[in-house]
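# Tertiary structure, described
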Amino acid sequence: MTAEQQDKLTDWIGETLPRTTREVGVWIEREFAIEYESRSGLIALLHRLGMEHRKPKAISRKLDRAKQEAFIRLYEALMNRLSADEAVIFADAVHPTHAVRPVGCWAPREVPVAIEQSSGRDRLNIHGAIDLETGQTVMKDVLVVDAMSTIMLLMAIEAIYPGMRLIHVFLDNARYHHAKLVQAWRAEPGRRIKLHFIPTYCPHLNPIERLWRLMHKYITHNTCYASFRDFSTATLTFLRERVPENWSTWCDDVTDNFRVIDPKDFRVLA
């Protein structure tokens, strides 16, 4: 292809964002009467033109840059003045389903690979929390995530930090976290929990979301459990035991390295 043809191709890709190399090949053949016989040749061409096969990032339309920046400033200020008798915890709920999540893997070319699928109807309801400094977790296996499970979680957090004067718990704006029952419990004499609410539509500002991704990587990716009980045991054992035991290995995957996400920084696909 000539330099002029390459420039035209670059402009077309930038405008249309084709999903496959086949679409690119069809367009090149139609526009320039040039036929690429192999997919690898097209991929090499696209790389030379500075193109990558990108998966769009799902972002909320309602993300507020100012609120994210304000939250990060508040968090950094808190961490900079945190005293020895204070702890910082991140909390959230997750609902892993008894189902395999197939992901790509390397295998001999001539060997087809498959994974047995489970029913996918049963799920766990976990209301959990993690201390990023130590890797200590609190994971409550509950029938339903609600105001009562929130109180159970906060009580468990207080119990594992008997020497702490104040425990800062960061969580999202789920209705049950704001429930009157939770407010009444927090108002009781001697409570040491202070709640901090993460901006709405900002799961990227809660590091425990990264722990959930780590859980799926080691528990559900390409792994089938014969029974829901086996799945539950593996999941809760990972979160309650393996994470704290291996925190020095996984702490870099579950961090408070916060960043602001602004839809204006992306080309949002229609």
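Since the model is a prediction, treat every value here as computed from it, not as a measurement. (Residues numbered from 1 in each chain as written. Predicted model: local features only at pLDDT ≥ 70, side-chain atom pairs only at ≥ 80, totals over all residues. Heavy atoms only, no water.)

### Digging into the sheet that holds strand 3 (residues 137-141)
Here five strands make up an open sheet; going across it, the order is 3-2-1-4-5 and the pairing mixed. Looking along the sheet, the strands with just one partner apiece sit at the ends: strand 3 and strand 5 (193-197). Within this sheet the neighbouring strands show an average axis-to-axis angle of 20 degrees, counted without direction. Inspection of the sheet shows strand 2 (residues 126-130) paired to strand 3 by five bridges, in the antiparallel sense. Looking at strand 3, one finds that Ile 126 is bridged to Asp 141. (Pairing = 2+ DSSP bridges. Helix = DSSP H or I, 4+ residues; strand = E, 2+ residues; numbered from the N terminus. Axes fitted to C-alpha atoms, helices over the stretch in contact; angles between N-to-C directions.)

### So, empty space enclosed by the protein
By the definition in use, this model includes one cavity of 30 Å³ or more. As for the largest cavity, its lining consists of Ile 89, Ala 129, Ile 130, Asp 131, Gln 136, Thr 137, Val 138, Ile 157, Ile 160 and Tyr 161. For the lining of the largest cavity, the elements supplying multiple residues, two or more each, are strand 2, strand 3 and helix 5 (147-160). Broken down by class, the residue content of the lining of the largest cavity amounts to seven nonpolar, two polar and one charged. (1 Å grid on protein atoms, 1.4 Å probe; cavity = no way out; pocket = protein on both sides within 12 Å on 5 of 7 lines; lining within 4 Å. Points joined across faces, edges and corners; volume = space filled by probe spheres on them. Nonpolar A, V, L, I, M, F, W, Y, C, P; charged D, E, K, R; others polar.)

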